[in-house]
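A structural walkthrough
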Amino acid sequence: MPPERRSIVRTGIGYDSHRFAPGGPLVLGGVKIPHEFKLIGHSDADAVAHALTDAILGAACEGDIGELFPDTDPANKGRSSMEMLALAVDRIESKGFVIANADITVVTENPRIGPYRAEMRDVIARALHVSDGAVSIKGKTNEGMGWIGRGEGLACIAVASLAERTR
């Protein structure tokens, strides 16, 4: 009798944070949010896309966003973080994995995430090649504590689960 074949499931965690600077819009999860501040970064500084990219790459043991898209490469200056996310998805798919689901938490005092959640889920789901039901986005405050509480920036935590592609 042949050995039982088990499906491979992997989980990765990603984190990103950026400081605020005057002059919006703010880009989160591929969505331009009207806001008085933007995030400072080498690319478009989309912390949601950055944390999710790291979670996906980590789950597949394929490095991290800085390895694939170093800030020392001029080609990455101002680059779309959603483009980087899509390239990371292509990379893990070429290794035989698909995204099972993604769970994202944005920690910020402002803006509120709720009004943009549905659009962010849709944009991210398309990049991940999944339905929007496989993407969860939550907004949390830091209850006025620390650098996030003072409105100096925001942070994002993402978890991604990958499954082995079925033939």
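Now for a look at the structure at hand. (Residues numbered from 1 in each chain as written. Predicted model: local features only at pLDDT ≥ 70, side-chain atom pairs only at ≥ 80, totals over all residues. Heavy atoms only, no water.)

Focus on the pairing of strand S5 (residues 97-107)
The condition that has to hold: Two strands are said to pair when DSSP picks up at least two bridges between them. Helix and strand assignments come from DSSP, with helices taken as H or I runs of at least 4 residues and strands as E runs of at least 2, each series counted from the N terminus. The handedness of a crossover follows from its direction of travel: if, with the strands pointing away from the viewer, the path from the first strand over the helix to the second runs clockwise, the crossover is right-handed.
Bridge count for S5 against strand S7 (residues 153-164) is 10 bridges, and the pairing is antiparallel. Among the inter-strand pairings, Ile 104 is bridged to a residue of S7, identified as Ala 158. Note that S5 and strand S6 (residues 135-140) share 6 bridges and pair parallel. Paired with Asp 103 across the strands is Ser 136, a residue of S6. Between S5 and its parallel partner S6, the chain crosses via helix H4 (residues 117-128), and the hand of that crossover is right-handed.

Notes on a nonpolar patch on the surface
Stated formally: A patch consists of residues whose relative accessible area exceeds 30% and which take part in no salt bridge; residues with like charges are grouped when within 9 Å of each other, and nonpolar side chains (Val, Leu, Ile, Met, Phe, Trp, Tyr) when within 5 Å. In this description, accessible areas are obtained by the Shrake-Rupley approach with a 1.4 Å probe, and a residue is regarded as covered only by the protein chains that are shown. The rule for a salt bridge is simple: a side-chain nitrogen of Lys or Arg has to be within 4 Å of a carboxyl oxygen of Asp or Glu.
On the surface, Ile 13, Tyr 15, Trp 147 and Ile 157 cluster together into a nonpolar patch covering about 420 Å² of accessible area. Relative to the elements of secondary structure, Ile 157 occurs in strand S7.

Some words on the packing of helix H1 (residues 47-59) against H4
Put simply, the rule is: Throughout, an axis means a line fitted to C-alpha atoms (over the contacting stretch in the case of helices), and angles, computed between N-to-C directions, take values from 0 to 180 degrees. For any helix crossing, the convention is left-handed if the near helix is rotated counterclockwise from the far helix by under a right angle, and right-handed if that rotation is clockwise. It only takes one pair of heavy atoms within 4.5 Å for two residues to be counted as in contact. Any residue that is not Ala, Val, Leu, Ile, Met, Phe, Trp, Tyr, Cys, Pro, Asp, Glu, Lys or Arg is counted as polar, Gly included; the first ten are nonpolar and the last four charged.
Where H1 contacts H4, the axes come no closer than 12 Å and their chain directions differ by 35 degrees. Here the hand of the crossing between H1 and H4 comes out right-handed. On the side of H1, the interface is formed by Val 48, Leu 52 and Ile 56, while H4 contributes Met 120, Ile 124 and Leu 128. Taken together, the residues of the contact of H1 with H4 sort by class into 6 nonpolar, no polar and no charged.

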